Amino acid sequence: MNKISVLGAGAWGTALAKIVAKNVPSVSLWAREADLVQTINTTHVNQTYLPNVILPNNLVATNDLTQAITDAEAILLVIPAQFLRTTIEKVASIWPKNVPAVICCKGIEQKTGALMSEMLAEYMPKTPIAIISGPTFAEEAAMDKPTAVTLACADEELGKELVKSLGSHTFRPYYTNDLISVQIGGAVKNVMAIAAGIVAGKKLGDNAHAAMLTRGLAEISRLAVALGGSAQTLMGLAGMGDLLLTANSTQSRNYTVGLELGAGKSLAKILSDKKTVAEGVYTASAVLERAKQLNVEMPICESLSKIMNDNVSIDDVIENLFGRPFKKE
């Protein structure tokens, strides 16, 4: 490939743009903010979202969507999940024919319960879709620390072409055709990371932390299978791997939200203090709605939704979980 475009100049979008610039002569990075575009192009640093990383000369930022995607052979979508629809509405009519959309954001749309691939299919039904997900902190990936991800695509030939174009010595994509599980794993692990943070913030112990992650992965798998995915996919990078990373580190926005909730801070105050999006806050209710439609039991997600959307106290939610009947694993 000669040109790849990245829409979204947050930390992860900027990191991906730097990564693909190793393999591709021209990389276009689209940002909404004109001042951010100017800063990236003059200093080769995204001072706002990825300040410790020098960007290569073949990476050029723009705030013109048409310019960004013109002549692109693949377009990476790294817009926060709750804002992706707005961008797709703007770009659908000018999207280059047969150019794949590579979804790199994790979440389920709160208003509709749509997966990101379902949203794209509404506007661009003939556009090939791929998904990148897995255990990734943007700065580590951008600094060439070893990073492995899952790349999902229904078209195996296209999927393997994307793996070759995006992969490098330290950035290792693994191919699968299971788009459903990869998206569910990436979205719901954010909810589970908030729950893990609450466990830590409440000082419930390592036993509780391990139990929560294990049962959380079971919930993720049940929903993915109900939607047509495979539980086996979730034993890999896009499921277990992503969950282990996001639910164990203070680098994780979702985990830190949970830590602060568990320590007694209000959700409104937590969110007002953050400049980046913790997707799990918005995903919890959307996940629960999809689960109810499919008659899938997800008690951890339900508990998180009560805490964040219904103002139920954490102590009451924990007591309710402990009061559930004993069952087979």
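Quick note: structure is the one above.
Values in this document were obtained by computation on a predicted structure and should not be read as measured data.

(A) Expanded view of the environment of alanine 72. Tracing the sequence through the fold places alanine 72 in the loop between helix H3 (65–69) and strand E4 (74–77). Taking the C-alpha atoms as reference points, alanine 72 and serine 5, separated by 67 residues in sequence, lie 5.9 Å from one another. With sequence-adjacent residues up to four places away left out, alanine 72 is seen in contact with Lys3, Ser5 and Val99.

(B) How the structure looks around the sheet that holds strand E1 (residues 3–7). With mixed pairing, the eight strands of this open sheet are ordered in space as E3-E2-E1-E4-E5-E6-E7-E8. On the outer flanks of this sheet lie strand E3 (59–62) and strand E8 (171–176), each paired with one strand and no other. Strand-to-strand twist across the sheet, computed as the mean angle between neighbouring axes with direction ignored, equals 25°. Pairing of E1 with strand E2 (residues 26–30) involves five bridges; the strand directions are parallel. By the bridge assignment, lysine 3 is partnered in E2 with serine 26. Contacts from helix H5 (residues 116–123) reach E4, strand E5 (101–103) and strand E6 (129–133), with the element oriented near 155° to E5. Strands E6, strand E7 (147–153) and E8 of the sheet are contacted by helix H8 (residues 179–201), whose axis makes an angle of about 40° with E6.

(C) Up close: the packing of H8 against helix H13 (residues 279–293). In contact at an axis separation of 8 Å, H8 and H13 are set at 110° when each is read in the N-to-C sense. Judged on the interaxial angle alone, H13 and H8 are roughly perpendicular. Pair H8 / H13 crosses with left-handed handedness. Facing H8, whose interface residues are Ala187, Val188, Asn190, Val191 and Ile194, H13 presents Glu279, Gly280, Val281, Thr283, Ala284 and Val287.

(D) Fine view of the side chain of lysine 106. Tracing the backbone through its elements, the reader meets lysine 106 in the loop between E5 and H5. For lysine 106, a relative accessible area of 15% gives the class buried. Within the structure, lysine 106 has its side chain in polar contact with the backbone oxygen of glycine 134 (distance 2.8 Å). Of the polar contacts made by the side chain of lysine 106, one reaches the side chain of aspartate 242; its length is 2.8 Å.

(E) Looking closely at the side chain of serine 303. Within the secondary structure layout, serine 303 lies in helix H14 (residues 299–309). A distance of 2.7 Å separates a polar side-chain atom of serine 303 from the backbone oxygen of proline 299. Those residues in contact with serine 303, other than ones at most four positions away along the chain, are Val317 and Leu321.

(F) The state of the cysteines, seen in detail. Evaluated as defined, the whole model comprises zero disulfides. Left without a disulfide partner, cysteine 105 is nearest to the cysteine sulfur of cysteine 104, which lies 7.5 Å away. Relative accessible area serves as the criterion here: at 11%, cysteine 105 is assigned to the buried category.

(G) The arrangement of helix H1 (residues 11–20) in detail. For H1, the tally of buried residues reaches nine of ten residues, placing the bulk of the element in the interior. When we look at burial in H1, the residues that qualify are Trp12, Gly13, Thr14, Ala15, Leu16, Ala17, Lys18, Ile19 and Val20.

(H) Representation of H13 within the structure. For H13, with 15 residues, the first-to-last C-alpha span of 22 Å sits near the 21 Å given by 1.5 Å per residue. Taken across its 15 residues, H13 has eleven buried, putting it largely inside the fold. When H13 is considered as a whole, its buried residues turn out to be Glu279, Gly280, Val281, Thr283, Ala284, Ser285, Ala286, Val287, Leu288, Arg290 and Ala291. Contacts made by the buried residues of H13 are with H5, H8, helix H9 (206–226), helix H11 (253–262), helix H12 (267–272) and H14. In the stretch just after H13, asparagine 295 is the one whose phi turns positive, near 60°.

(I) Layout of a negative patch on the surface. A surface patch of negative charge is lined by Asp71, Glu73, Asp155, Glu157 and Glu161. The topology assignment puts glutamate 73 in the loop between H3 and E4. On the accessibility criterion, glutamate 73 (32% relative accessible area) is partly exposed.

So, how was this worked out
Residues numbered from 1 in each chain as written. Predicted model: local features only at pLDDT ≥ 70, side-chain atom pairs only at ≥ 80, totals over all residues. Heavy atoms only, no water. Helix = DSSP H or I, 4+ residues; strand = E, 2+ residues; numbered from the N terminus. Contact = heavy atoms within 4.5 Å. Pairing = 2+ DSSP bridges. Axes fitted to C-alpha atoms, helices over the stretch in contact; angles between N-to-C directions. Parallel < 35°, antiparallel > 145°, perpendicular 65-115°, else oblique. Left-handed = near helix turned anticlockwise from the far one by under 90°. Buried < 20%, exposed > 50% of the residue type's maximum accessible area, 1.4 Å probe, protein only. Polar contact = N/O pair within 3.5 Å; in protein donor to acceptor, adjacent residues only side chain to side chain. Disulfide = S-S within 2.5 Å. Expected span 1.5 Å × (residues − 1). Patch = residues over 30% accessible without salt bridge, like charges linked within 9 Å, V, L, I, M, F, W, Y side chains within 5 Å. Areas by Shrake-Rupley, 256 points an atom, 1.4 Å probe, with all protein chains shown as cover. Salt bridge = Lys/Arg side-chain N within 4 Å of Asp/Glu carboxyl O. Lys, Arg positive; Asp, Glu negative; His and termini not counted. Charge placed at Lys NZ, Arg CZ, Asp CG, Glu CD.

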